[in-house]
Amino acid sequence: MALQGDRKKAYISSNKAMHIMDQLTLRLPDDWHVHLRDQAALATTVPAAARCFGRCIVMPNLLNPVKTVADASRYRQRILAHRPKDSVWEPLMVLYLTD
């Protein structure tokens, strides 16, 4: 086993064998900033997001900002109408904050 730097020191300083993780597999990552758009674009963007991610934080980059829970709920329903039938993908909604 060829170890470098701090990993070698940590291994040597231990009295017992130590498992060193050198790989991380993300089976179904989340996207924390996705723009799905609206209307006809959802037919393309939603299935693409659902193929790659488990959840997405949806940025409501819309002509009319999503300012209320009711706005977010309506937009979410439009998004879910385009989610593939066998998908477990979940859109997480945000609101546009105003003063």
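Keep in mind that this is a model prediction, so the values were computed, not measured.

Novice: What am I meant to see in the sheet that holds strand β2 (residues 55–58) here?
Specialist: Think of a sheet as strands paired side by side through backbone hydrogen bonds, with each pair either parallel or antiparallel. Taken in spatial order, the 3 strands of this open sheet run β1-β2-β3, and their pairing is parallel. Edge positions in the open sheet fall to β1 (30–34) and β3 (90–93), since each of these has one partner strand only. Direction aside, neighbouring strands of the sheet carry axes that sit 25 degrees apart on average. Pairing analysis gives 3 bridges linking β1 to β2, with the strands arranged parallel. When the sheet's bridge partners are listed, Asp31 is paired in β2 with Cys56. Lying over the sheet, helix α3 (residues 69–80) contacts β2 and β3, oriented at roughly 160 degrees with respect to β3.

Novice: Can you walk me through the pairing of β2 in this structure?
Specialist: Working note: regular strand, side chains alternate between the two faces of the sheet. Residues Cys56 and Val58 line the buried face of β2, whereas the alternating positions Arg55 and Ile57 sit on a face that is not buried. One crossover worth recording links β1 to the parallel β2 by way of helix α2 (residues 42–52), and it is right-handed. Across 4 bridges, the pairing between β2 and β3 is parallel. The residue bridging Arg55 from the neighbouring strand is Glu90, located in β3.

Novice: Just checking my understanding: could you explain the nonpolar core for this structure?
Specialist: If you look at soluble globular proteins, the nonpolar side chains tend to sit buried side by side. Formed by 14 residues in total, the largest nonpolar core has its most connected members in Leu36, Val46, Val58, Tyr75, Ile79 and Trp89. For this core, the secondary-structure elements that each account for two or more residues are α2, β2 and α3. A total of 4 residues in this core trace back to one element, the largest contributor, which is α2. With residues near it in sequence (within four places) discarded, Tyr75 still touches Leu36, Arg37, Asp38, Val58, Pro60, Leu62, Val66 and Met93.

Rules of the game
Residues numbered from 1 in each chain as written. Predicted model: local features only at pLDDT ≥ 70, side-chain atom pairs only at ≥ 80, totals over all residues. Heavy atoms only, no water. Pairing = 2+ DSSP bridges. Helix = DSSP H or I, 4+ residues; strand = E, 2+ residues; numbered from the N terminus. Axes fitted to C-alpha atoms, helices over the stretch in contact; angles between N-to-C directions. Contact = heavy atoms within 4.5 Å. Buried < 20%, exposed > 50% of the residue type's maximum accessible area, 1.4 Å probe, protein only. Right-handed = clockwise from strand over helix to strand, strands pointing away. Core = buried A, V, L, I, M, F, W, Y, C linked by side-chain atoms within 4.5 Å.

Interpretation in functional terms is not warranted from these geometric data alone.
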